[in-house]
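Structural features, examined
If you want the building blocks of each chain, they are given just below.
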Amino acid sequence: MGDDVNPNRRGALRVLAVGGVVGCGALAVPTIRFLVAPAAGGGGSGRWVKTVPLESLTEGEPKRVALVSDHRDAWTLEKQVELGAAWLERRGDKVVAWSTVCPHLGCAVDRSPTGPGFFCPCHDSYFDAEGGRVNGPSPRGLDVLAARVEDGFVHVEFQRFRQGTPDKEPVG
Amino acid sequence: MRLRDIGTFIEERTSLGAAAASFLDARVPSGAWVSRVLASAVAACVGVLALTGVALMMAYSPAPQSAWASVHYIEYVQAHGWIIRGLHFWAAQALFVLAALAILHGTFVASYRSPREIMWWLMLVVLGLTLAEMITGGLLPWDQRGWWGRVVEANIVGMAPVIGGWIGRMISGGPELGALGLVRAYTAHVVLLPLPLVLALWGQRAMARRHGWAPGADSKSAPYVRLLGSSALVGAMVVCGLFAVTGWARHAPLEAPADGMSDYPARPEWFLMTLYRLRKFFHGPMEFWGTTALPGVAAGYFALLPWIERRLSRAVAIAGALAVFGGAAALGVLAFRHDAGDPQYVKAHAKWEKQAAAAIELAKGGVPPDGALAMERRDPELRGRDVFDKHCASCHVLGDLGDGKKASASRLDGWGTTAWIEAMMHDPDAPEFFGRGPYLEQMPSVDVRPKKKPPGEAWKPMIRSDAERKAVALFLAKEGDEPSDAPRPPVDPKALAEGEKIVSDRCTTCHLYKGDGDDEGSGLAPELSRYGSLEWTRAQVANPATATVYRDKALDPAMKKHMPRFDKDLTAGDIDLVARYVRSHGRSSSL
């Protein structure tokens with residue numbers, strides 16, 4: 001190609017660029033908004049879920065209890081399924097509830113194999129009987145969920161929190 | 001003659017033949033055979049992956065309810081499905097290893113040097129995209145390993161400052177990993193990642209035609225078609241190797257269906273165990289930087305090798321690369337050895353292996369439309385066992401569940417068999433029956449004189465002969481029979497009638513039989529009609545303090561450690577499943 005083609009090429013490229021920017025830009029706006037829509041997040045309030053009777057809990061003995069309610073996942077609505085679980089421990093007429101989701105990276109927290117308290121089998125975070133952080137990589141203690149007793153049944157506020165941060169930040 | 005006409009017709013219009021001839025006949029650098037073999041093997045793996053991948057797409061269904069079921073269908077039901085998925089799985093592992101080897105070898109022969117920098121970077125891109133393909137592909141079976149791996153990965157990304165949370169939600173398709181997260185991974189796996197991967201391979205090859213694969217490649221030259229021939233040979237060997245490994249492994253891994261409620265001890269795929277282990281060295285705010293920046297630095301090191309060698313020395317370049325590879329391998333080995341030596345992990349892992357095997361067997365009968373997890377939750381063997389483990393095994397023993405040393409309630413191995421009933425009637429206070437629970441000394445032996453009875457006082461055993469004991473046991477065992485149970489060998493109707501007579505005459509001093517009995521009004525000994533049947537078992541689990549089972553006193557607070565009622569804790573469905581589990585395992589085992 002000779003140098004004499006360049007002015008033509010410059011003009012053609014300009015048309016191409018303008019057309020491309022307008023066309024792609026027009027397509028990009030709804031496409032990108034479509035793609036990022038599910039990522040729109042931010043703190044949400046939890047949902048109160050009725051669980052087990054208070055009498056089924058033993059003082060000082062945490063019990064893993066499923067939180068059953070309706071679950072919406074994109075286009076699916078499942079009626080009365082296990083949304084998650086909580087460790088419930090009776091303290092007199094009150095109940096303490098901890099999320100079973102490890103605040104580190106979200107694995108399921110279990111009772112500690114070595115004594116009272118809890119531990120996470122993924123990265124070996126240990127928590128004491130009050131849910132406080134003992135050692136391991138978890139940046140905070142277990143997340144306490146709001147719980148109240150109504151008509152003899154324990155109600156727990158199902159709520160997720162952001163993982164891996166020192167502060168307890170609600171999500172979803 | 002006619003064929004040649006067609007050829008001429010096409011050639012005149014497309015010039016394909018001439019283009020192919022000049023493409024194939026061109027002389028290209030043909031040295032550096034090791035690099036060429038590695039590159040050919042990489043390309044062969046990608047070819048196998050593309051072919052088997054498209055085949056798998058024809059049967060795979062990317063939705064939470066159907067993903068596991070469709071992968072199970074491919075692997076265990078569809079003809080040759082295990083071969084296609086096996087080839088796909090092993091080709092992916094091989095691609096990762098070969099791409100890493102190509103980089104390691106390239107470091108030694110300095111194939112990063114000018115003018116091959118871009119080819120070198122493309123090889124790094126190939127390894128990176130392969131890793132991304134393996135990570136997205138790992139989620140597609142929607143099994144425990146894939147699901148938990150992705151939850152953890154999304155949360156690791158979520159630890160990034162400022163935009164971390166947003167990226168995590170982009171990956172998961174929302175605040176929690178769900179249907180959109182799966183379709184996103186799928187789209188990335190089959191379109192978004194393969195396209196640049198193939199482009200990168202094509203770019204490498206286009207440049208290799210001119211420069212050869214490594215320094216010294218241009219010492220020799222050959223027509224390009226010869227190189228393609230040797231590539232095809234390497235490719236054929238790779239395919240044979242993949243077939244061999246697939247046949248040897250028999251099945252590519254498929255774990256139990258993803259269950260976010262389970263206590264699964266999550267571990268990443270083997271190629272991420274290095275990063276998993278790296279995490280242990282960085283806690284708190286350092287964690288994100290330690291586990292993402294450090295691999296980033298390693299990748300940057302390889303990308304900058306052309307300049308590192310020029311500025312420092314070739315020895316430094318090689319030493320750094322060896323340190324990265326050696327360190328990565330050592331950390332991976334450490335992580336695996338740590339797990340292998342951790343009894344807690346080994347036990348949990350074994351439990352989930354068993355669960356996977358059971359789910360795979362169960363699914364062979366078909367998976368319901370609401371998915372494999374719902375299938376598991378309706379199965380006595382899986383859900384019933386799980387409920388027993390969580391709610392019953394603290395007091396009862398059945399099979400491998402429960403602790404025989406701590407059990408305070410009856411051992412249920414053999415429950416419902418004549419042998420269990422005979423042993424129970426003979427010595428109710430044995431440790432495997434009431435010996436360690438609240439019913440201790442509540443039921444007298446039917447044929448042993450009570451120790452507390454003062455000597456000389458009259459005592460008459462309730463059962464006076466072996467024949468009588470066998471008759472009662474037979475009758476009671478038969479009371480529990482369900483039409484769905486394995487048929488019993490024919491029984492002597494006379495013995496059965498005798499058993500019923502003894503039960504209704506003598507046992508009803510304390511027990512109920514068909515609602516009658518308990519002459520002393522103790523309210524403690526259970527109803528014996530339909531004892532051990534499905535309905536009886538369900539009623540006993542739901543609430544022992546009802547007239548058809550253990551009756552009013554069963555929940556008396558004075559009966560310390562009595563069996564609780566479960567109808568408020570458990571759904572009717574779960575009670576049914578645990579009752580079925582206890583019956584079938586009790587009856588098919590012995591004390």
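Look a little higher up for the structure.
Residues numbered from 1 in each chain as written. Chains lettered and ligands numbered in written order. Predicted model: local features only at pLDDT ≥ 70, side-chain atom pairs only at ≥ 80, totals over all residues. Heavy atoms only, no water.

In terms of helices and strands, chain B carries 23 helices and 4 strands. In terms of overall size, chain B is more extended than a compact globule, its C-alpha atoms giving a radius of gyration of 35 Å where 591 residues would be expected to give roughly 25 Å. Here the C-alpha coordinates of chain B stretch approximately 115 × 70 × 40 Å along the principal axes. Taken across its 591 residues, chain B has 47% of its residues classed as buried. Sequence-distant contacts, at least 24 apart, represent 66% of the contacts inside chain B between residues at least 6 apart. Roughly 28900 Å² of accessible area belongs to chain B as shown, and the carbon and sulfur atoms make up 65% of that amount. (Helix = DSSP H or I, 4+ residues; strand = E, 2+ residues; numbered from the N terminus. Rg over C-alpha atoms; globule rule 2.2 N^0.38 Å. Buried < 20%, exposed > 50% of the residue type's maximum accessible area, 1.4 Å probe, protein only. Contact = heavy atoms within 4.5 Å. Areas by Shrake-Rupley, 256 points an atom, 1.4 Å probe, with all protein chains shown as cover.)

Now for the sheet that holds strand S2 (residues 63-73) of chain A. All names here are of chain A. Taken together, 4 strands build an open sheet; the order of strands is S2-S3-S4-S9 and the sheet is antiparallel. Both outer strands of the open sheet, S2 and strand S9 (144-145), are each paired with one neighbouring strand and no more. Where S2 lies against strand S3 (residues 76-91), 10 bridges are found, and the strand directions are antiparallel. Along S3, the bridge assignment pairs leucine 67 with glycine 84. (Pairing = 2+ DSSP bridges.)

The subject of this paragraph is the interface of chain A and chain B. Taken together, the contact between chain A and chain B spans 43 residues of the former and 42 residues of the latter. Both faces combined, the contact of chain A with chain B buries some 3300 Å², and carbon together with sulfur accounts for 56% of it. Seen at the junction of chain A and chain B, the total is 5 salt bridges. Salt-bridge contacts for glutamate 82 of chain A lead to arginine 383 of chain B; the nearest nitrogen and oxygen are separated by 3.2 Å. (Buried area = accessible area lost by both parts, 1.4 Å probe. Salt bridge = Lys/Arg side-chain N within 4 Å of Asp/Glu carboxyl O.)

Glancing now at the sheet that holds strand S5 (residues 110-111) of chain A. All names here are of chain A. Taken in spatial order, the 4 strands of this open sheet run S5-S6-S7-S8, and their pairing is antiparallel. A strand with exactly one partner marks an edge of an open sheet, and here the two such strands are S5 and strand S8 (133-135). Pairing of S5 with strand S6 (residues 118-120), which is carried by 2 bridges, proceeds in the antiparallel orientation. Counterpart to arginine 111 in the pairing with S6 is phenylalanine 118.

We now examine helix H23 (residues 572-587) of chain B. All names here are of chain B. Compared with the 22 Å implied by 1.5 Å per residue over 16 residues, the 22 Å span of H23 between its first and last C-alpha is a close match. Burial in H23 covers these residues: Asp574, Ile575, Asp576, Leu577, Val578, Ala579, Tyr581, Val582, Arg583 and Gly586. Next to the buried residues of H23 lie helix H17 (372-377), helix H18 (380-392) and helix H22 (534-542). (Expected span 1.5 Å × (residues − 1).)

Right, let's get into the packing of H18 of chain B against H23 of chain B. Residues and elements named next belong to chain B. Packing of H18 against H23 leaves a shortest axis separation of 8 Å and a crossing angle of 95°. Considering the angle they form, H18 stands roughly perpendicular to H23. On H23, the residues that touch Pro380, Glu381, Arg383, Gly384, Arg385, Val387, Phe388 and Cys392 of H18 are Asp574, Leu577, Val578, Arg580, Tyr581, Val582, Ser584 and His585. Of the residues belonging to the contact of H18 with H23, the class tally is 8 nonpolar, 3 polar and 5 charged. (Axes fitted to C-alpha atoms, helices over the stretch in contact; angles between N-to-C directions. Parallel < 35°, antiparallel > 145°, perpendicular 65-115°, else oblique. Nonpolar A, V, L, I, M, F, W, Y, C, P; charged D, E, K, R; others polar.)

Ranked by size, the top nonpolar core spans 47 residues in total, and within it Val109 and Phe118 of chain A together with Tyr60, Trp68, Trp142, Trp147 and Leu182 of chain B carry the most contacts. At the level of elements, strand S4 (94-99) and S6 of chain A together with helix H4 (67-77), helix H7 (144-158), helix H9 (179-192), helix H16 (343-363) and H17 of chain B are the ones that each hand at least two residues to this core. With sequence-adjacent residues up to four places away left out, valine 109 of chain A is seen in contact with Arg64, Trp87, Thr100, Val101, Cys102, Phe118, Phe119, Cys120, Phe127 and Leu142 of chain A. In terms of nonpolar packing, the next biggest core, distinct from the first, is built from 46 residues, Val42, Leu95, Leu193 and Ala200 of chain B among them. (Core = buried A, V, L, I, M, F, W, Y, C linked by side-chain atoms within 4.5 Å.)

Residue and element names in this part refer to chain B. With respect to the element layout, glycine 31 can be found in the loop between strand S1 (27-29) and helix H3 (33-57). Sequence separation of glycine 31 and proline 215 is 184 residues, and the distance between their C-alpha atoms is 8.7 Å. In contact with glycine 31, not counting residues within four places along its chain, are Arg36, Gly216, Ala217 and Lys220.

Function-wise, these values are silent; they only describe arrangement.
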